[in-house]
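If you want the building blocks of each chain, they are given just below.
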Amino acid sequence: MTHSEHKKDAVIRLSIGIITVSTTRTIAEDKSGLWMKNRAMELGHDVIVHEVIPDHRQWIARTVARCIDEHSPHILLMTGGTGLSPADVTIEAVRPLFSKELTAFGSLFAQLSYAEINAAAMLSRATAGIVHTTVVFCLPGSLTACQTACDRLIFPEAGHLAAHVRTQPPATG
């Protein structure tokens, strides 16, 4: 099956949630989150949640679980808290929720980042995985990083990913 044949069942209009992890920003100051929201809407998707929450491990895990339970977005974009400082706990909060991890995402993102910011790309721990039937992406807080991830990796494949995650397994009998 060709790549284009494989993508024929992709979801066209996605529901998207955005969570920004920051103790210093408000929604009005959330450049990365606002850019992702505007970009998703430009592409014809519905942004159903946009929140800014503090860098707190339990708060992050609870917010992700609540967002998915209440809104069931196809895609959940998270920005912030993926670096190396002690306060950066997004990955530690979200990774235990994954039923599957998209292991290639972090590598591909690092490769693209390296082309833009050289060796500093190794400081990012960007990752992605599946929580229930939602694809969750954990991205750095920088606007440039979010633009790179969304435009070069996430949005080109988001509908395809959503279709795979929401496909029902064949009945066994």
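To be clear, the structure that these remarks concern was listed above.
All of the points below concern the structure found in this document. (Residues numbered from 1 in each chain as written. Predicted model: local features only at pLDDT ≥ 70, side-chain atom pairs only at ≥ 80, totals over all residues. Heavy atoms only, no water.)

This brings us to the overall build of the protein. Along its length, the protein carries six helices and six strands. Secondary structure of the protein in N-to-C order comes out as α-β-α-β-α-β-α-β-α-β-β-α. Counting only C-alpha atoms and orienting by the principal axes, one finds that the protein spans roughly 50 × 35 × 30 Å. At a minimum sequence separation of 6, the contacts of the protein that also span at least 24 residues come to 77%. For the protein, the exposed surface amounts to about 9000 Å²; the carbon and sulfur share of it is 57%. (Helix = DSSP H or I, 4+ residues; strand = E, 2+ residues; numbered from the N terminus. Contact = heavy atoms within 4.5 Å. Areas by Shrake-Rupley, 256 points an atom, 1.4 Å probe, with all protein chains shown as cover.)

Before going further, it helps to spend a moment on the environment of Tyr114. Inspection of the secondary structure puts Tyr114 in helix H5 (residues 103-117). Beyond its immediate chain neighbours, meaning those up to four positions away, Tyr114 contacts Ala119 and Ala121.

What follows covers the sheet that holds strand S5 (residues 127-131). One open sheet holds the six strands; their spatial order is S2-S1-S3-S6-S5-S4, and the pairing between them is mixed. The two strands at the open ends of the sheet, each matched to only one other strand, are strand S2 (46-53) and strand S4 (100-101). Pairing of strand S3 (residues 75-79) with strand S6 (residues 134-139), which is carried by five bridges, proceeds in the parallel orientation. Bridge assignment links Met78 to a residue of S6, and that residue is Cys138. On the sheet, helix H2 (residues 31-42) packs against strand S1 (15-21), S2, S3 and S6 and is oriented at approximately 175 degrees with respect to S2. H5 contacts S4, S5 and S6 of the sheet and is inclined by roughly 35 degrees relative to S6. (Pairing = 2+ DSSP bridges. Axes fitted to C-alpha atoms, helices over the stretch in contact; angles between N-to-C directions.)

Quick look at the pairing of S2 now. Here seven bridges tie S1 to S2, and the two strands are oriented parallel to one another. By the bridge assignment, Gly17 is partnered in S2 with Val49. Crossover connection from S1 via H2 to parallel S2: handedness right-handed. (Right-handed = clockwise from strand over helix to strand, strands pointing away.)

Further remarks concern the nonpolar core. The tendency in soluble globular proteins is for nonpolar side chains to be buried side by side. By size, the foremost hydrophobic cluster in this structure holds 27 residues, and its most contacted members are Leu77, Phe105, Phe137, Leu139 and Ile154. Residue contributions to this core peak at 10 residues, all from helix H6 (residues 143-166). Among residues more than four places away in sequence, those in contact with Ile154 are Leu77, Phe105, Phe137, Leu139 and Ala149. Formed by 18 residues, the second largest nonpolar core is a distinct cluster that contains Val49, Val89, Ile91 and Val136. (Core = buried A, V, L, I, M, F, W, Y, C linked by side-chain atoms within 4.5 Å. Buried < 20%, exposed > 50% of the residue type's maximum accessible area, 1.4 Å probe, protein only.)

This next bit is on the pattern of salt bridges. According to the stated counting rule, one finds eight salt bridges in the structure shown. With its nearest N and O atoms 3.9 Å apart, the salt bridge here joins Arg66 to Glu70. Taken together, the residues span about one helical turn, with Arg66 and Glu70 both in helix H3 (residues 57-71) at a distance of four residues. Take Arg66: its relative accessible area is 30%, and that puts it in the partly exposed class. With a closest N to O distance of 2.9 Å, Arg95 and Glu101 form a salt bridge. Classification of Glu101 as partly exposed rests on a relative accessible area of 33%. (Salt bridge = Lys/Arg side-chain N within 4 Å of Asp/Glu carboxyl O.)

This brings us to H2. For H2, with 12 residues, the first-to-last C-alpha span of 16 Å sits near the 16 Å given by 1.5 Å per residue. Buried residues of H2: Ser32, Gly33, Trp35, Met36 and Ala40, and no others. When H2 is viewed along its axis, its buried side chains cluster within an angular range of 160 degrees and face the same direction. Seen from the open side of H2, the exposed residues pointing more than 90 degrees away from its buried face are Lys31 and Glu42. Packing partners of the buried residues in H2 comprise S1, S2, S3, S6 and H6. Just downstream of H2 lies Gly44, where phi reads positive at about 90 degrees. (Expected span 1.5 Å × (residues − 1). Arc of directions from axis to C-beta.)

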